[in-house]
Amino acid sequence: MTNKRYLIETWGCQMNEHDSEKISGILRSLGYKEAENRNNADLIIFNTCLVRENAELKVYGNIGELKRLKRKNKDLTVAICGCMMQKKEVRDVIREKYKQVDIIFGTHNIHKLPELLENYRQSDNMLIDVWEDSGEIIEQIPTKRKYDYKAFLNIMYGCNNFCTYCIVPYTRGREKSRNPEEILKEVNRLAKEGFKEITLLGQNVNSYGKTLNSKMTFAELLRKINEVDGIKRIRFMTSHPKDLSDELIYAIRDCENICKHIHLPFQAGSNKILKLMNRKYTKEQYLDLMYKIRQEIPEIAITTDIIVGFPNETEKDFEETLDVVRKSRFDSAFTFLYSVREGTPAAKMENQIPDKVKHERFQKLLDTLHPISYENNKRTIGKTFDVLVEGVSKNDDTMYTGRTGTNKLVHFKANEEFIGKIVNVKINSVKTWSLQGEIVD
Ligand code: SF4
């Protein structure tokens with residue numbers, strides 16, 4: 001056992017956040033303690049993201065900064081992992097230019113960290129151990145979660161969709177679903193530990209079960225998790241429209257503990273662009289889904305992802321995107337300017353859109369989205385929602401925040417004792433992205 005200190009810095013999505021919780025759990029099982037900052041850490045781990053170029057550049061910048069720290073602390077160990085390390089070109093750059101890095105590992109061999117640390121301690125040379133997809137799912141990895149009332153939980157890994165702008169299938173491998181028994185064991189353990197909310201993670205949770213012998217569907221899994229005593233809120237991300245079944249809509253409708261919120265990326269409105277993105281659905285099919293979901297679950301909140309400026313996108317194509325936004329009336333959306341990602345098919349496409357045009361369209365998109373989000377929020381005034389209290393508001397330390405089941409951010413007066421509790425909040429006023437209210441009995 002060691003009494004050294006570790007620090008993990010994480011870039012990217014919830015999948016990476018949860019991987020960092022596993023790395024933290026593994027290190028604590030070896031006796032490590034968490035460091036406050038880089039200066040008093042004996043081991044610094046960067047868990048990297050490859051989805052956007054600027055994320056990659058930020059990581060190189062941060063690795064550069066560690067050179068100074070290593071000069072001050074000769075015993076400092078630096079390890080880099082995550083999606084960026086799955087790319088050979090990146091590993092070669094680090095091997096050549098960033099000698100201050102000691103260990104490089106990937107997204108498929110996090111569980112090997114104890115061995116890697118030991119091998120590095122004995123060799124003292126830069127250790128690079130990155131696995132291509134092993135197809136195997138490693139269970140029972142010690143996990144130190146960031147919160148003690150809400151938890152991320154993987155139900156599957158990898159993606160088979162190969163959207164032409166996305167690097168994930170190349171860094172996270174082929175789709176594989178965890179055994180439902182293992183998932184339910186983990187959910188029951190979390191419930192016993194007092195967790196109230198769980199978020200089921202997968203690149204495309206709707207295709208859960210396809211690699212299982214039992215062929216259990218995502219809807220069936222949700223219904224089983226809904227029966228676990230103690231778990232009051234079940235969230236999941238991310239859903240792919242092509243695999244969103246009626247069965248899943250009915251499960252969300254019928255199950256009390258499944259949050260009435262679905263994140264359903266549509267990315268673009270034009271069928272020409274959807275084809276070039278290899279999204280495997282049409283504008284009409286997406287709108288039919290919107291209509292069906294709202295028909296069955298009128299109180300549901302729907303959020304999405306939208307990419308502006310994909311190669312070959314004309315003004316007419318972009319108008320189709322705005323048309324989907326107007327008709328779908330999203331509660332909120334993650335909006336992205338298309339950025340070239342080396343290694344993806346879209347990076348090689350002709351007719352890349354000039355930045356000026358991308359920014360003009362991006363502004364038009366925000367000008368269309370914001371009033372709709374605000375109108376949707378206005379309909380909550382005077383109503384009372386159950387809210388899981390998460391902590392002090394980032395913008396106003398006299399207020400606390402939490403989220404409704406529909407995933408809306410709420411600000412209200414409270415104190416520390418409320419953190420992790422589900423309270424009733426009556427909404428008095430709203431903004432585009434948040435609600436404000438007071439706790440009521
Ligand atoms: S569904 Fe498409 S965008 Fe999502 S992770 Fe898979 S390839 Fe990427």
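S.K.: Before we go on, may I ask you to explain the overall build of the protein chain in this structure?
M.R.: What the protein chain contains, in helices and strands, is 12 helices and 19 strands. The C-alpha atoms of the protein chain give 23 Å as radius of gyration, which agrees with the globular expectation for 441 residues (22 Å, within 12%). Overall, the C-alpha framework of the protein chain stretches about 60 × 55 × 50 Å when taken along its three principal axes. When burial is assessed residue by residue, the protein chain has 54% of its 441 residues classed as buried. In the protein chain, 74% of the contacts between residues at least 6 apart in sequence involve partners at least 24 apart. Each charge class in the protein chain can be summarised by its mean position, and for the 71 positive and 64 negative side chains these summaries are 2 Å apart.

S.K.: Just checking my understanding: could you explain the sheet that holds strand 15 (residues 384-392) for this structure?
M.R.: The strands making up a sheet associate through backbone hydrogen bonding, with each pair oriented either parallel or antiparallel. Reading around the circumference, 15-16-17-19-18 is the order of the 5 strands in this closed barrel, with mixed pairing throughout. Adjacent strand axes in the sheet meet at a mean angle of 50° when their direction is disregarded. Looking at chain direction, strand 18 (residues 422-430) and strand 19 (residues 434-440) are connected through 6 bridges and run antiparallel. Bridged to asparagine 424 within strand 19 is valine 440.

S.K.: Teacher, can you tell me more about the packing of helix 7 (residues 218-226) against helix 8 (residues 246-254) here?
M.R.: For any two helices packed against each other, one specifies the crossing angle of their axes together with the interaxial distance. Their axes nearest at 8 Å, the elements helix 7 and helix 8 cross at an angle of 15°. As the angle between them shows, helix 7 and helix 8 are arranged roughly parallel. Helix-helix and strand crossings are classified by hand; for helix 7 and helix 8 the assignment is left-handed. Contacts between helix 7 and helix 8 pair Phe218, Ala219, Glu220, Leu222 and Arg223 from the former with Glu247, Leu248, Tyr250, Ala251 and Asp254 from the latter. Partitioning the contact of helix 7 with helix 8 into residue classes produces 6 nonpolar, no polar and 4 charged.

S.K.: Hey, could you run me through the pattern of salt bridges in this one?
M.R.: The final tally for this structure, using the stated rule, is 38 salt bridges. We note a salt bridge from lysine 283 to glutamate 320, for which the minimum N-O separation is 2.6 Å. Linking lysine 283 in helix 10 (residues 283-296) with glutamate 320 in helix 11 (residues 315-328), this pair joins segments that are 37 residues apart in sequence. Sharing partners across several salt bridges, the network here consists of Glu139, Arg145, Arg178 and Glu186.

S.K.: It is not clear to me how the side chain of serine 20 should be interpreted in this structure. Could you clarify?
M.R.: In this structure, serine 20 sits in helix 1 (residues 14-29). Taking the relative accessible area as the measure of exposure, serine 20 reaches 8% and is therefore buried. A distance of 2.6 Å separates a polar atom in the side chain of serine 20 from a polar atom in the side chain of threonine 10. Other than its neighbours up to four places away in sequence, serine 20 contacts Ile8, Thr10 and Asn47.

S.K.: Sorry if this is basic, but what is going on with the domain arrangement of the protein chain here?
M.R.: When its domains are assigned, the protein chain resolves into domain 1 (5-129), domain 2 (150-378) and domain 3 (384-440). For domain 1 and domain 3, the distance between their C-alpha centroids amounts to 36 Å.

S.K.: I tried to follow the site of the ligand on my own but got confused; where do I start?
M.R.: In the vicinity of the ligand, the contacting residues are Cys159, Asn161, Phe162, Cys163, Tyr165, Cys166, Val168, Pro169, Gln203, His240 and Arg279. Of the residues that constitute the shell around the ligand, the class distribution is 7 nonpolar, 3 polar and 1 charged.

The rules behind each value
Residues numbered from 1 in each chain as written. Predicted model: local features only at pLDDT ≥ 70, side-chain atom pairs only at ≥ 80, totals over all residues. Heavy atoms only, no water. Helix = DSSP H or I, 4+ residues; strand = E, 2+ residues; numbered from the N terminus. Rg over C-alpha atoms; globule rule 2.2 N^0.38 Å. Buried < 20%, exposed > 50% of the residue type's maximum accessible area, 1.4 Å probe, protein only. Contact = heavy atoms within 4.5 Å. Lys, Arg positive; Asp, Glu negative; His and termini not counted. Charge placed at Lys NZ, Arg CZ, Asp CG, Glu CD. Pairing = 2+ DSSP bridges. Axes fitted to C-alpha atoms, helices over the stretch in contact; angles between N-to-C directions. Parallel < 35°, antiparallel > 145°, perpendicular 65-115°, else oblique. Left-handed = near helix turned anticlockwise from the far one by under 90°. Nonpolar A, V, L, I, M, F, W, Y, C, P; charged D, E, K, R; others polar. Salt bridge = Lys/Arg side-chain N within 4 Å of Asp/Glu carboxyl O. Polar contact = N/O pair within 3.5 Å; in protein donor to acceptor, adjacent residues only side chain to side chain. Domains from an automatic or database assignment. Near = heavy atom within 4 Å.

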